[in-house]
Amino acid sequence: MDLVDDIDRRKKAGLFRSRRTIQSAQGASVSIDNEVYLNFSSNDYLGLANHESLKACMIDAIDRYGIGAGASQLLVGHSRPHQKLEKKLASFLSRDAALVFTSGYQANLAVASVLVDTNTVILQDKRNHASLIDAARLSNGHLVRYRHNDLRHLERLLEKHKNNNLMVMTEGVFSMDGDYAPLLEVSDLCVKYKALLMVDDAHGLGVLGESGAGLLEMLGLNQKQVPLLVGTFGKSFGASGAFVAGNALHIEAFIQKARTYIYTTAMPPSLAVVITQAIDLVVGGNDLRQQIEVLIRHYKEKMMQHGLTTSESDTMIQPFIVGDIVKTTALGDRLYKNKILAAVIRPPTVPKGTSRLRISLTAAHNKEHVDRLVATISNSLK
Ligand SMILES: Cc1ncc(COP(=O)(O)O)c(C=O)c1O
């Protein structure tokens, strides 16, 4: 492949990706090139990434455990903080056990690589995150995708492949659309067809449910109904890393066999300490969840007042669909000129013709921030 040509093609198609270098901590505002930008691009939904007590907790943990784990989990990298975090996660999520990974990408790869054989058909929602798609592609199984949240299509495919081992993988709250998977119905179908269900609720955790335990808590789904739950710490927990939670046998199988668990340096123990503490803030974070609710309603009202359409999403992820790649990028650029960051999302991350701004409302924002965002979108479109 000619890389120069390839990059050139990307530029011409409006698909060139570039990074912005942030000079500050995460928050409702961040600074870039010594200018302050209102930040609607992050997944730090509860505003914990720069939380004072968590920072103090991490500094303290570094004093005690140093900066790194020193090795992979199965050598000498597994420490008391990891063990404590796993226990706390299991109880927070009402699962038998949990296993900590250094990223959600790795956790998803682990699930498919360990639990899938050559006779397995993996059914996935078409809008699943790339890490789930890659997990299936890199496994020994056969990936089949069903239309987004289309239960009839899912059932047709389960019926078609019923002589295979079956696994269904879906996001809980979809990362680019902000809508939910119909998990009660998906779970019923999985029981009917004896399919193993795995839910990646990276975006629902912290934000949904009485105690922030995510979409499964909100819908009252237990471990029997959803045997495997993946979540990440890079979103509502404000940190990084991830876990898989489920029954003890599955967790043991990951420890024994998951290459993305075995052959990588363990999460720094100090990070495990701080995430364990962050769980308490998540559980006690009803005021933060309420603030997000208030902002979602406010955003929708303001958009309507400006004659702008919003999506069906009821969550903090609010896509503003523009459609065309060039127009979406231009809108993102105009917002940037007005010191507002909103993620421009283009294919292949989202389907062709649905390029969008992915607006993420967090507990760190206030109504004035939202007013400024909506007014700027509106003016930019004139
Ligand atoms: C649904 C979903 N799963 C998994 C991941 C990957 O998690 P991580 O960033 O911890 O690798 C992401 C995003 O980062 C995500 O949105």
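Residues numbered from 1 in each chain as written. Predicted model: local features only at pLDDT ≥ 70, side-chain atom pairs only at ≥ 80, totals over all residues.

1. A closer look at the overall build of the protein
The cut-off we apply is this: In this description a helix means any DSSP run of H or I spanning at least four residues, a strand means any run of E spanning at least two, and both kinds are numbered starting from the N terminus. The size measure is the radius of gyration over C-alpha atoms, and the globule rule it meets is 2.2 Å times the number of residues to the 0.38 power. Residue burial here comes from a neighbour count, namely the number of other C-beta atoms, placed from the backbone, that lie within 10 Å of the residue's own C-beta, with 20 or more meaning buried, 12 or fewer meaning exposed, and in between meaning partly exposed.
Across its full length, the protein holds 15 helices and 13 strands. Against the 2.2 N^0.38 benchmark of 21 Å for 382 residues, the protein shows a C-alpha radius of gyration of 21 Å, consistent with a compact globule. When the 382 residues of the protein are sorted by exposure, 50% land in the buried category.

2. Looking at the site of the ligand
What counts here: Using a C-beta atom placed from the backbone for every residue, we mark a residue as near a molecule or strand if that atom lies within 6 Å of it. For this scheme, ten residues count as nonpolar: Ala, Val, Leu, Ile, Met, Phe, Trp, Tyr, Cys and Pro. Four count as charged, namely Asp, Glu, Lys and Arg, and the remainder, Gly too, count as polar.
Around the ligand, the structure places 13 residues, and the nearest of them are Ser103, Gly104, Tyr105, His129 and Ala202. Ranked by residues supplied to the shell around the ligand, first place goes to helix H5 (residues 104-115) with three residues. Tallied by class, residues from the shell around the ligand come to three nonpolar, eight polar and two charged.

3. Regarding the domain arrangement of the protein
Where we set the bar: Where a domain begins and ends is set by an automatic assignment or by a domain database. In this description, a residue-residue contact is defined by the distance between C-beta atoms placed from the backbone, which must lie within 7 Å.
Once the domains are mapped, the protein shows domain 1 (14-46 + 286-381) and domain 2 (52-283). Contacts between the two partners involve 18 residues from domain 1, matched on the other side by 15 residues from domain 2. Those elements giving two or more residues to the side of domain 1 that touches domain 2 turn out to be helix H13 (286-305) and strand S10 (317-323). If you tally residues by element for the side of domain 1 that touches domain 2, the top one is S10, at three residues. Each residue belonging to the side of domain 1 that touches domain 2 can be placed in one class, and the counts come to eight nonpolar, six polar and four charged.

4. Thoughts on the packing of helix H2 (residues 52-65) against helix H12 (residues 269-283)
Note the cut-off: For every element, the axis is a line fit to its C-alpha atoms; helices are fit only across the contacting stretch, and the angle between N-to-C directions ranges from 0 to 180 degrees. Two helices that cross are described as forming a left-handed crossing if the nearer one is turned anticlockwise from the farther one by less than a right angle, and a right-handed crossing if clockwise.
Where H2 contacts H12, the two axes come as close as 8 Å, and the packing angle between them is 145°. Crossing geometry of H2 relative to H12 is assigned as right-handed. Two secondary-structure elements touch here, H2 through Leu54, Cys57, Met58, Ala61, Ile62 and Tyr65 and H12 through Pro269, Ser270, Val273, Val274, Gln277 and Ala278. In terms of residue class, the contact of H2 with H12 is built from ten nonpolar, two polar and no charged.

5. Structural notes on the sheet that holds strand S12 (residues 343-345)
Rules: The criterion for strand pairing is that DSSP finds at least two bridges linking the strands in question.
One open sheet holds the three strands; their spatial order is S10-S13-S12, and the pairing between them is antiparallel. One side of each edge strand has no neighbouring strand; the edge strands of this open sheet are S10 and S12. Neighbour-to-neighbour, the strand axes of this sheet turn through a mean angle of 25°, independent of strand direction. Relative to strand S13 (residues 355-360), S10 runs antiparallel, the two being bridged by six bridges. Bridging from a neighbouring strand, Gln318 pairs with Ile359 of S13. The strands touched by helix H14 (residues 325-337) within the sheet are S10, S12 and S13, with S13 carrying the most contacts at an inclination of about 35°.

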